[in-house]
Amino acid sequence: MTAPLGVGLVGAGGFARFLTRAVADLPDIRVVAVADSDPSRAADLAATTDSRAVPRWQDLLTDPEVAVVAIMTPPSSHAAIAIAALEGGRHVWCEKPLATSAAAAADVCAAAERSGRVLVVDHVLRYNPLLRALGRLQGSLLGPLQRFAFENDASDEDLDSGHWFWEEDTSGGILVEHGVHFFDAAHLLAGSLPEAVQAMSVSRPDGTVDLVSATTRHPGGLLAGFSHGFSHAHRCERQLMRLDHGTAEVRVEGWIPVRAVLDGWTDDAGADLVAELPQRAAELFAVDGYRLDGRAAVTVEVQRGAGATTAVGRGSTHVVPHHVRAELTLGGAAAKEQVYAESVRAAVVDLVRGVTTGTAPQSGAREGWAAVVVADAARRAAADGTTIELDPWPSATDRLVRTA
Ligand SMILES: NC(=O)c1ccc[n+]([C@@H]2O[C@H](COP(=O)([O-])OP(=O)(O)OC[C@H]3O[C@@H](n4cnc5c(N)ncnc54)[C@H](O)[C@@H]3O)[C@@H](O)[C@H]2O)c1
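These figures come from a predicted structure and were not determined experimentally.

### Comments concerning the site of the ligand
Close to the ligand lie 23 residues, the nearest being Gly 11, Gly 13, Gly 14, Phe 15 and Glu 95. Here the shell around the ligand gets three residues from one element, more than from any other, and that element is helix α1 (residues 14-22). Of the residues that constitute the shell around the ligand, the class distribution is 10 nonpolar, six polar and seven charged.

### Regarding the nonpolar core
Counting residues in each nonpolar core, the largest one holds 128 residues, and the members touching the most others are Leu 9, Ala 82, Ala 105, Val 108 and Val 372. Built from parts of two domains, this core gets at least three residues from each of domain 1 (5-125 + 345-366) and domain 2 (127-342). Ignoring any residue separated from it by four or fewer positions in sequence, one finds Ala 105 in contact with Leu 98, Ala 99, Gly 368, Trp 369, Val 372 and Val 373.

### Quick word on the pairing of strand β2 (residues 29-35)
Among the seven residues of β2, six are classified as buried, and the element is accordingly described as predominantly covered. Here strand β1 (residues 5-10) pairs with β2 via six bridges, running parallel. Bridge pairing in β2 links Leu 5 to Ile 29. Read from β1 through α1 to β2, the crossover connection turns out right-handed.

### A word on the packing of helix α3 (residues 78-87) against helix α4 (residues 102-115)
Packed helix pairs are characterised by how far apart their axes lie and by the angle those axes make with each other. Across the interface, α3 lies against α4 with an axial gap of 9 Å and an inter-helix angle of 10°. Taken together, the axes of α3 and α4 lie roughly parallel to each other. Contacts between α3 and α4 involve Ala 79, Ala 82, Ile 83, Leu 86 and Glu 87 from the former and Ala 104, Asp 107, Val 108, Ala 111, Ala 112 and Ser 115 from the latter. By residue class, the composition of the contact of α3 with α4 is eight nonpolar, one polar and two charged.

### Here's the deal with the sheet that holds strand β17 (residues 322-329)
Sheets are built from strands paired through backbone hydrogen bonds, the pairs being either parallel or antiparallel. In spatial order, the strands read β14-β17-β13-β12-β11-β7-β10-β9-β8-β18; together these 10 strands make up an open sheet with mixed pairing. Of all strands in the sheet, those with a lone pairing partner are β14 (297-303) and β18 (388-389), marking the two edges. As paired strands, strand β7 (residues 147-155) and strand β10 (residues 222-232) are joined by nine bridges and run parallel to one another. The residue of β10 that forms the bridge with Ser 155 is His 232.

### So, the pairing of strand β4 (residues 68-71)
Of the two faces of β4, the one holding Val 68 and Ala 70 and the one holding Val 69 and Ile 71 are both buried throughout. As judged from the four bridges shared by β4 and strand β5 (residues 91-94), these two strands associate in the parallel manner. Bridged to Val 69 within β5 is Val 92. Once the chain exits β4 it traverses α3 before rejoining the sheet at β5, and the crossover so formed is right-handed.

### Remarks on unusual backbone geometry
With an omega dihedral of -10°, the bond running from Lys 96 to Pro 97 counts as a cis peptide bond. Tracing the backbone through its elements, the reader meets Pro 97 in the loop between β5 and α4. Despite not being glycine, Arg 314 has its phi angle at roughly 55°, a positive value. Structurally, Arg 314 is set in the loop between β15 (310-313) and β16 (316-319).

### Describing the environment of Gln 138
The topology assignment puts Gln 138 in the loop between α5 (129-137) and β7. Remark: the alpha-carbon pair of Gln 138 and Leu 189, spanning 51 residues in sequence, is separated by 8.7 Å.

### Focus: the sheet that holds β1
The six strands lie next to each other as β3-β2-β1-β4-β5-β6, forming an open sheet whose pairing is parallel. Edge positions in the sheet fall to β3 (52-54) and β6 (119-121), since each of these pairs with one other strand and no more. Strand-to-strand twist in this sheet, taken as the mean axis angle between neighbours without regard to direction, amounts to 25°. The pairing of β1 with β4 spans four bridges and is classified as parallel. In the sheet register, Leu 9 faces β4, and the bridge partner there is Ala 70.

### Quick look at the domain arrangement of the protein
According to the domain assignment, the protein consists of domain 1 (5-125 + 345-366) and domain 2 (127-342). Taken together, the contact pairs 16 residues of domain 1 with 22 residues of domain 2. If one sorts the elements of the side of domain 1 that touches domain 2 by residue count, helix α11 (residues 336-357) sits on top with five residues. In terms of residue class, the side of domain 1 that touches domain 2 is made up of nine nonpolar, four polar and three charged.

Scoring rules and cut-offs
Residues numbered from 1 in each chain as written. Predicted model: local features only at pLDDT ≥ 70, side-chain atom pairs only at ≥ 80, totals over all residues. Near = placed C-beta within 6 Å. Helix = DSSP H or I, 4+ residues; strand = E, 2+ residues; numbered from the N terminus. Nonpolar A, V, L, I, M, F, W, Y, C, P; charged D, E, K, R; others polar. Core = buried A, V, L, I, M, F, W, Y, C linked by C-beta atoms within 7 Å. Buried ≥ 20, exposed ≤ 12 C-beta atoms within 10 Å, placed from the backbone. Domains from an automatic or database assignment. Contact = placed C-beta atoms within 7 Å. Pairing = 2+ DSSP bridges. Right-handed = clockwise from strand over helix to strand, strands pointing away. Axes fitted to C-alpha atoms, helices over the stretch in contact; angles between N-to-C directions. Parallel < 35°, antiparallel > 145°, perpendicular 65-115°, else oblique.

Encoded structure:
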């Protein structure tokens, strides 16, 4: 048994409370200190986590018990705190977005690479069992992604007009603050980063931007669309991620994905694979650190010989005589809070594994940087109506020197 990693939290607001509950039973970490510009919030969370409140976040950088600085403040403060923590020899947990501009995100990424410390950015969808499962089905059952579309009719019921979320200088705007989750999910599922970005936004009469839309073009013939409207009552929230793989479509429900339905046409090997999915659900959904519960299940229908042997799409002939349908569920909408908490827990486990074994995290500094580059380009495209071409992305082995 090694001693748990000591975590110093910066920011003791709503999400810090959620995260500390989600990881409370993890033996590998222990919250040791909490800083917040509002001392009463720091004191409250310190009491809940059996840790110490400290007056300034800088105090965490000289605290011998702090191995990891967890940044849970509003977005515009992330980059400066992350760079100071890395330069102070600490590992970093950074809430999304990694930064509010591409240049600042590149600075954090370069600081992480210089420091040799581990940084995980909380792109929670990377640790979602449904998206992991869909990644595992690519190649065997699902052909190349042609279209990614995310429609987010989100709630603003808890976001009063003075909330920092609406201030672009603090949050980065919707495309940055919330958008990074989905630019990153498209990166994950497409296996590529975009080469061009377009976007538009509209405002309420008081000038508050509450509806945004962006389109990205990826190499290899993929378009991705992202719409976010923070203008709904909680009970009217709806989200749908639609993945068009040509011969198969997947509809993923929930911004925290809780259920996915795959409908498609396939060959003999694909039909055999689908028929076996219910028995392989645990393997299909596996994410280290995520505890599946009894609601996780796969049900399938396989209709062999449901159509002609071949079909043509995008100029190619496909051997797809069999019609298949699969429902992958983590429990549907009722399971959202649990899925969210377990995904955050898995991301923290990924950080611990990176620190203890040196493995690269699934959602590291580069993933955080890439999502902010796309989001920042989308924000600029929405502001001036241009199409923004992105420079070629550095390869994983290049040092990060450009700021896109
Ligand atoms: N990964 C996710 O799914 C997810 C979900 C919700 C929020 N978040 C992110 O978590 C972060 C925090 O969001 P929240 O909803 O908890 O916000 P919040 O407003 O509830 O809490 C922020 C806290 O930070 C404190 N703070 C602000 N500036 C500070 C500074 N410079 N030094 C110390 N403390 C400071 C505030 O006093 C407040 O207590 C944001 O980046 C947000 O985007 C991520």
